[in-house]
Every structure is written in C-alpha cells, then in structure tokens.
Amino acid sequence: MAVTLTERAAKHVTRYIAKRGKGIGVRLGVKTTGCSGLAYKLEYADDLAPEDVVFEGHGVKVLVDPKSLPYIDGTELDFVREGLNEGFKFHNPREKDRCGCGESFRV
C-alpha cells in the first residue's frame, strides 16, 4: 500500500509549511459527499495521530487515516498549473468514475 507525491507537489507543500511556520506534512483522506459518493480531503497537518498511516516522498510526509486508505491506495498527489489556475491533482488508479463537476468520485 502506498500514497505518493510528485516532486512538484512536495516542493509546494514544503514552501507552504515554511510560510505557515509550522506543520509536519499533509493529511489526505476521503469523505462521503457529492453526486458520485466520495471526495478527497486534503489539509496541512501539524501533528501525527496514533492511527495515521505515514508515507513519505521527497522529504514530505503524507498522513492517511486507515478508513480512507482502501479508497486512495496507489494515489499520486501532484501540483499542477493550468492557465491561471493551480492546485493539487489526484491520480487515483482505484477511481472508476468522476461526477461532471469534478467534485466527487467513486471506486
């Protein structure tokens, strides 16, 4: 089982944590919502919970709760710029369908 992040994503997280002045990485999970059923949750993490599964890439920790892991196992987190927009993009091999608005997915 693994969750990875690209070098671009790691650089963005590292810069943002330095700007914030605190943090140990990012917390990635899923929540039930939207028309397809699941949505990604991504937030900066300041501490490690006892149940967290920890992955590390390019010097950045990715913390995942055990309930979310079956839905996002194998996911690669990237940071992309498309025109004037920029943000995180999830490349999840378990994703079978995505809703039209792009807010939710199903596995």
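Owing to the predicted nature of the structure, the values given are computational and were not obtained by experimental measurement.

A. Structural context of the overall build of the chain. If you tally the helices and strands in the chain, you get 2 helices and 9 strands. From first element to last, N terminus to C terminus, the chain shows the α and β order β-α-β-β-β-β-α-β-β-β-β. Buried positions account for 39% of the 107 residues belonging to the chain.

B. Representation of the pattern of salt bridges within the structure. Inspection of every chain in the model, using the stated rule, returns 10 salt bridges. One salt bridge in this structure joins E7 and K11, with 3.6 Å as the shortest N-O distance. Of this pair, E7 and K11 both sit in helix α1 (residues 7-20), separated by 4 residues, roughly a single helical turn. Measuring nitrogen to oxygen at the nearest pair gives 3.8 Å for the salt bridge that ties E56 to K61. What emerges from the salt-bridge pattern is a single network uniting R20, K22 and D46.

C. Structural context of the pairing of strand β7 (residues 85-91). Note that strand β6 (residues 76-82) and β7 share 7 bridges and pair antiparallel. Its bridge partner being in β7, V80 is matched across the sheet by G87.

D. Summary view of the nonpolar core. In this structure, V3, L5, L28, V62, V64 and I72 are the most contacted members of the largest nonpolar core, which totals 20 residues. Elements represented by at least two residues in this core include exactly α1, β2 (25-33), β3 (37-45), β5 (60-64), α2 (69-72) and β6. With 4 residues, α1 is the largest single contributor of residues to this core.

E. Broad picture of a nonpolar patch on the surface. A surface patch of nonpolar side chains, amounting to about 230 Å² of accessible area, comprises I24, L48 and V54. With respect to the helices, strands and loops of the structure, I24 is situated in the loop between α1 and β2.

F. Spotlight on the side chain of H12. By the element assignment, H12 lies in helix α1. Aside from chain neighbours lying at most four places away, what touches H12 is Y44, F79 and F88.

G. Up close: the sheet that holds strand β1 (residues 4-5). As summarised here, the arrangement of the 3 strands in space is β1-β6-β7, forming an open sheet in which the pairing is mixed. Whereas interior strands pair on both sides, the edge strands pair on one side only; in this sheet they are β1 and β7. Packing against the sheet, α1 makes contact with β1, β6 and β7, and its axis sits at approximately 80° to β6.

H. Representation of the pairing of β5. Taken across its 5 residues, β5 has 4 buried, putting it largely inside the fold. In this sheet, β5 lies alongside β2 in parallel orientation, the contact comprising 4 bridges. Residue pairing across strands places L28 opposite V64, the latter belonging to β5. Relative to β5, strand β4 (residues 53-57) runs antiparallel, the two sharing 5 bridges. Bridging from a neighbouring strand, V53 pairs with V64 of β5.

Cut-offs and rules
Residues numbered from 1 in each chain as written. Predicted model: local features only at pLDDT ≥ 70, side-chain atom pairs only at ≥ 80, totals over all residues. Heavy atoms only, no water. Helix = DSSP H or I, 4+ residues; strand = E, 2+ residues; numbered from the N terminus. Buried < 20%, exposed > 50% of the residue type's maximum accessible area, 1.4 Å probe, protein only. Salt bridge = Lys/Arg side-chain N within 4 Å of Asp/Glu carboxyl O. Pairing = 2+ DSSP bridges. Core = buried A, V, L, I, M, F, W, Y, C linked by side-chain atoms within 4.5 Å. Patch = residues over 30% accessible without salt bridge, like charges linked within 9 Å, V, L, I, M, F, W, Y side chains within 5 Å. Areas by Shrake-Rupley, 256 points an atom, 1.4 Å probe, with all protein chains shown as cover. Contact = heavy atoms within 4.5 Å. Axes fitted to C-alpha atoms, helices over the stretch in contact; angles between N-to-C directions.

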